[in-house]
Amino acid sequence: MAVVGGGVIGLSVAWCAARAGFSVSVCDLGSPHAGSRVAGGMLAPVAEAWHGEETVTAQGVEALALWPEFAAALGVELFNDGTITVGTSPGDVADLRRIVELFNNPGVGLLNNPGAGLLNDRRVELLNSRAIRQLEPSLGPAVRGGMFVPGDLAVDNRALLSALHKACVEAGVKIESTVDGFAPGSRPTTVQARRAVTVIAAGAWSGSLHPALEDVIRPVKGEILRLSWRPGALPPPTRTIRGSVSGRSVYLVPRKDGVVVGATQYEAGFDTDVTVAGVRDLLRDAETVLPGIAEYALTEAAVGFRAGSPDNVPIVRWLEPGVIAATGHHRNGLLLAPHTAALVVELLKGGSA
């Protein structure tokens with residue numbers, strides 16, 4: 001089988017398929033703007049939850065249960081101190097209250113999901129400003145309240161990509177820059193003729209690879225920043241901090257040497273420019289939530305493309321005999337990687353559509 005796409009989804013599929021006994025090659029399109037490379041690394045289905053996206057949230061909670069074993073097999077370290085989500089205005093806090101109600105709603109069934117065990121069998125609660133500062137004293141004075149999700153995780157996305165690449169090679173996966181003449185923008189039919197199965201896992205570029213995806217998958221632009229700790233500055237947080245600042249979303253994901261700050265979101269096609277406004281908004285909002293980052297160094301500003309789908313639900317299914325789609329993960333690609341890989345292996349074992 002051939003996997004088109006060498007990001008977290010593609011490599012996870014390839015690795016799990018190879019471990020299941022399939023002969024696998026990967027075509028890595030190699031874009032520096034691939035979503036996996038510039039991702040924040042949050043594994044936080046509850047913090048990402050929103051009304052209308054209950055299906056994605058439930059998938060995320062299920063995927064979260066797979067991550068400890070998945071990371072251990074790869075030798076990847078997880079940040080496991082949970083997520084703090086905060087609001088800086090009455091409207092922001094009201095939005096958080098709706099998320100809490102969504103998660104705790106028995107009708108949604110998230111607490112009955114197998115992944116809910118990582119949440120320590122606790123209901124998620126809305127906390128006032130004093131209670132949330134007991135968890136993170138360095139929060140800014142504008143923070144009015146928040147919620148703490150102890151079971152959420154985070155991972156260094158680039159360490160994960162390196163580990164997956166290494167694991168794939170060790171499992172016998174052949175990594176190629178092209179597969180049987182396949183090139184970005186072409187149809188996978190030339191691959192299909194030579195390989196039993198092609199898995200399209202090219203993220204935001206998947207829409208150009210099969211007619212069934214052409215009007216379904218689109219690029220969603222996002223700008224993301226990397227900040228490095230400097231001597232004399234407050235140490236990086238150990239928890240992921242998500243903030244809502246006057247309705248704008250910002251997150252700060254810990255790294256050993258700093259934080260990743262993200263992310264803007266635009267419907268701008270494959271526009272690769274980092275905008276002044278994007279950097280300004282991210283830094284302003286991040287500093288509002290965690291003022292201490294003003295003393296950090298800005299070491300990277302990058303653009304990545306999420307693979308958007310009409311309802312933000314990933315597309316993991318047979319498109320035609322010999323072609324499987326594993327794309328459309330939007331902002332949940334890292335979180336859903338082990339879940340998607342398991343689904344693809346099930347499809348492979350079941351045979352062509």
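What comes next is a walk through the structure. From a predicted model like this one, the values you see are computed outputs, not experimental measurements. (Residues numbered from 1 in each chain as written. Predicted model: local features only at pLDDT ≥ 70, side-chain atom pairs only at ≥ 80, totals over all residues. Heavy atoms only, no water.)

**A look at the packing of helix H1 (residues 8-19) against helix H5 (residues 157-170)**
Phase 1 of the analysis: With their axes 9 Å apart at the nearest point, H1 and H5 run at an angle of 30° to one another. Considered as vectors, H1 and H5 are oriented roughly parallel to each other. In the packing of H1 onto H5, the handedness of the crossing is left-handed. Residues Val 8, Leu 11, Ser 12, Ala 14 and Trp 15 of H1 touch H5, and the partners they reach there are Leu 160, Leu 161, Leu 164, His 165, Ala 167 and Cys 168. (Axes fitted to C-alpha atoms, helices over the stretch in contact; angles between N-to-C directions. Helix = DSSP H or I, 4+ residues; strand = E, 2+ residues; numbered from the N terminus. Parallel < 35°, antiparallel > 145°, perpendicular 65-115°, else oblique. Left-handed = near helix turned anticlockwise from the far one by under 90°. Contact = heavy atoms within 4.5 Å.)

**Let's talk about the sheet that holds strand E15 (residues 297-308)**
Phase 1 of the analysis: Across the sheet, eight strands lie side by side as E6-E7-E5-E12-E13-E14-E11-E15; this open sheet has mixed pairing. In the strand order of this sheet, the two ends are held by strand E6 (126-128) and E15, each with one partner. Direction aside, the axes of adjacent strands within the sheet are offset by 25° on average.
Phase 2 of the analysis: In this structure, strand E13 (residues 248-255) lies alongside strand E14 (residues 258-262), joined through five bridges in antiparallel fashion. Looking at E14, one finds that Pro 254 is bridged to Val 259.
Phase 3 of the analysis: Helix H7 (residues 276-289) rests against strand E5 (83-87), strand E11 (218-228), strand E12 (240-245), E13, E14 and E15 of the sheet, and its axis sits at about 75° to E13. (Pairing = 2+ DSSP bridges.)

**Section: the environment of Asp 215**
Phase 1 of the analysis: Mapping Asp 215 onto the fold places it in the loop between strand E10 (198-200) and E11.
Phase 2 of the analysis: The class for Asp 215 is exposed, based on a relative accessible area of 75%.
Phase 3 of the analysis: The sequence separation of Asp 215 and Ser 309 amounts to 94 residues, and the corresponding C-alpha distance is 9.2 Å. (Buried < 20%, exposed > 50% of the residue type's maximum accessible area, 1.4 Å probe, protein only.)

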